[in-house]
Amino acid sequence: MITTVTLNPAIDKTYRIRELKCGRIHRVQQVTEAPGGKGINVAKVLHRLGQQVVATGLIGGYNGQRICHLLDEMHINHDFCRVSGESRLCLNMIDDQGVGTEVLEPGPAISPAEWKRMKDKCADLAKQSSFVVFSGSLPLGLDQSAYQQLVHLVQQSGAKAVLDTSGAAFRAALDACPFMVKPNLDEVRQILGANMLTREEIGQVIQEWHQHGVEWIAVSLGAEGAIVSRRDAGAWLAIPPQIEAVNPVGSGDSFVAGFVAGLAEHRSLEECIQWAVACGAANALEERAGEIVPDRIREFNPQVKLVRLSIT
Ligand SMILES: Nc1ncnc2c1ncn2[C@@H]1O[C@H](COP(=O)(O)OP(=O)(O)OP(=O)(O)O)[C@@H](O)[C@H]1O
Ligand SMILES: O=P(O)(O)OC[C@@]1(O)O[C@H](CO)[C@@H](O)[C@@H]1O
């Protein structure tokens, strides 16, 4: 079984708007709604790939009920910790040019008792899981060490932790040596406090994280693909097929899902990378995050190019 942990789930709303301008009234052309938050997107893709998955995390209020209802409709197993606050709404407004503008609520405030229940649930689910995937931002009230605590706890029970988050929470979690991390390039820049990064500088960071004990590192680069590195095995630049993206929100989550599905099926290193990149590209063609078409992944998979890099 694979467990996905979303500490800050969301109802993802996508608005199609002709032209977005501050200070104006906008009439929405089309509205779509989906259960979201990064870990929930990972669960949706894993489910589509035929993996046995359970989605957990902290969920509350009417939005929380709605998220559970939407997951039930998709036949996705979930086992969330209920909290007293209201789960958030995340808005993505896409204009006629295809430019997306995201507005993300902070999420509810979590009490120490709610956090304790979350840790207990993670420990229980980890005992039944080969992989536990942690994705997304932290809701209010949680310490920046939240992922560090959870990664430590699940890896103690033998499951492998995969982490996709940003900022201080990411930095702190590195101390617990997650099995895999997947920041995007902006997140790496933010972690290092750098505006620009050369390929060599990305290589140095990857080396540093490997030395820390992280086995797999993927730095995703949007339409340009990803740099993926395995400790003691080297690094690759993976280039996706060129596509006309519809909505790339959730491509990172789809990448993580594809990668973990490959690992769970004991596929080769190259196959895991290609599958992940194909999933990311397939997601970018859908209106809703994580609702990829498996046939499209099979179509894209052989089109993903792998170039060996000499950065590690
Ligand atoms: N426009 C695109 N065309 C082809 N492939 C894409 C495109 N956008 C994303 N991908 C694929 O998906 C992967 C992940 O995308 P990206 O780097 O945007 O992740 P992210 O920023 O973490 O996304 P999110 O946080 O919205 O899930 C990329 O490495 C790439 O392989
Ligand atoms: O605030 P976070 O957790 O960093 O990001 C939340 C979010 O933008 O990420 C997903 C796409 O990756 C969306 O489903 C969701 O709304």
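The coordinates are above.
Below: a short report on this structure. (Residues numbered from 1 in each chain as written. Chains lettered and ligands numbered in written order. Predicted model: local features only at pLDDT ≥ 70, side-chain atom pairs only at ≥ 80, totals over all residues.)

1. What about the overall build of the protein?
- Helix and strand counts for the protein stand at 10 helices and 15 strands.
- Here the C-alpha radius of gyration of the protein, 18 Å, is about what a compact globule of 312 residues would show, namely 20 Å.
- Taken over the C-alpha atoms alone, the protein extends approximately 50 × 45 × 40 Å along its principal axes.
- Taking all 312 residues of the protein together, 48% fall into the buried category.
- Of the contacts formed within the protein by residues at least 6 apart in sequence, a portion of 70% connects residues at least 24 apart. (Helix = DSSP H or I, 4+ residues; strand = E, 2+ residues; numbered from the N terminus. Rg over C-alpha atoms; globule rule 2.2 N^0.38 Å. Buried ≥ 20, exposed ≤ 12 C-beta atoms within 10 Å, placed from the backbone. Contact = placed C-beta atoms within 7 Å.)

2. Brief notes about the site of ligand 2
- Around ligand 2 lies a shell of 17 residues, among which Gly36, Cys90, Gly136, Ser137 and Gly250 are the nearest.
- Every element with two or more residues in the shell around ligand 2 is listed here: strand S2 (10-16), helix H1 (38-48), strand S8 (100-104) and helix H8 (251-264).
- Here the residues of the shell around ligand 2 are counted per class, giving 5 nonpolar, 8 polar and 4 charged. (Near = placed C-beta within 6 Å. Nonpolar A, V, L, I, M, F, W, Y, C, P; charged D, E, K, R; others polar.)

3. A word on the packing of helix H3 (residues 112-127) against helix H4 (residues 146-156)
- Two elements in contact, H3 and H4, have axes whose closest approach is 9 Å; the angle formed by their N-to-C orientations is 30°. By the criterion of interaxial angle, the relationship of H3 to H4 is roughly parallel. Where H3 crosses over H4, the handedness of that crossing is right-handed. Together, Lys119, Cys122, Ala123 and Ala126 of H3 and Gln149, Leu150, Leu153 and Val154 of H4 make up the contact between the two elements.
- Here the residues of the contact of H3 with H4 sort into 6 nonpolar, 1 polar and 1 charged. (Axes fitted to C-alpha atoms, helices over the stretch in contact; angles between N-to-C directions. Parallel < 35°, antiparallel > 145°, perpendicular 65-115°, else oblique. Left-handed = near helix turned anticlockwise from the far one by under 90°.)

4. Comments concerning the nonpolar core
- Leu46, Val133, Phe134, Val162, Val260 and Cys279 are the most contacted members of the largest nonpolar core, which has 87 residues in total.
- Residue contacts for valine 162: discarding those within four places in its chain leaves Phe131, Val133, Phe134, Pro178, Phe179, Met180, Val256 and Val260. (Core = buried A, V, L, I, M, F, W, Y, C linked by C-beta atoms within 7 Å.)

5. Side note on the packing of H1 against H8
- H8 packs onto H1 with a crossing angle of 50° between their chain directions and a minimal axis gap of 8 Å. Classed by the angle they form, the pair H1 and H8 counts as oblique. Here H1 runs over H8; the crossing is right-handed. On H8, the residues that touch Lys38, Asn41, Val42, Val45 and Leu46 of H1 are Asp253, Ser254, Val256, Ala257, Gly258, Val260 and Ala261.
- Class assignment for the residues of the contact of H1 with H8 results in 7 nonpolar, 3 polar and 2 charged.

6. Overview of the site of ligand 1
- Residues in contact with ligand 1 amount to 21 residues; listed here are only the nearest, Asn184, Ser220, Ser251, Gly252 and Gly280.
- Secondary-structure elements contributing two or more residues to the shell around ligand 1 are H8 and helix H9 (269-284).
- When its residues are assigned to classes, the shell around ligand 1 shows 12 nonpolar, 8 polar and 1 charged.

7. Looking at the pairing of strand S7 (residues 88-94)
- Here S7 shows a buried face lined by Arg88, Cys90, Asn92 and Ile94 and an unburied face lined by Leu89, Leu91 and Met93.
- Note that S2 and S7 share 7 bridges and pair parallel. If you follow tyrosine 15 over to S7, its bridge partner there is methionine 93.
- Pairing of S7 with S8 involves 5 bridges; the strand directions are antiparallel. For isoleucine 94, the partnering residue across the bridge sits in S8 and is glycine 100.
- Between S7 and S8, which pair antiparallel and follow one another directly, the connecting turn spans 5 residues, one of which, glycine 98, has a positive phi of 85°. (Pairing = 2+ DSSP bridges.)

8. Things to note about H1
- Within H1, 11 of the 11 residues are buried, which leaves the element mostly enclosed by the surrounding structure.
- Of all the positions in H1, only Lys38, Gly39, Ile40, Asn41, Val42, Ala43, Lys44, Val45, Leu46, His47 and Arg48 are classed as buried.
- A positive backbone phi angle near 85° is found at glycine 50, which sits one or two residues after H1.

9. Examining the sheet that holds S8
- Pairing is mixed across the open sheet formed by 4 strands, whose spatial order is S3-S2-S7-S8. Looking at which strands have only one partner, the edges of the open sheet turn out to be strand S3 (30-36) and S8. Taking each pair of neighbouring strands and ignoring which way they run, the sheet shows an average axis angle of 20°.
- Bridge count for S2 against S3 is 7 bridges, and the pairing is antiparallel.

10. Section: the environment of arginine 296
- Counting through the fold element by element, arginine 296 comes out in helix H10 (residues 294-300).
- For the pair arginine 296 and leucine 285, spaced 11 residues apart in sequence, the C-alpha separation works out to 9.4 Å.
- The contacts of arginine 296, once residues within four sequence positions are left out, are Ala282 and Leu285.

11. Digging into the environment of glutamine 29
- Mapping glutamine 29 onto the fold places it in the loop between S2 and S3.
- Assessed through the 12 C-beta atoms surrounding it within 10 Å, glutamine 29 is described here as exposed.
- When the C-alpha positions of glutamine 29 and tyrosine 15 are compared, they lie 7.2 Å apart, and in sequence the two are 14 residues distant.
- If we ignore the near neighbours within four places in the chain, the residues touching glutamine 29 are Arg16, Ile17 and Arg18.

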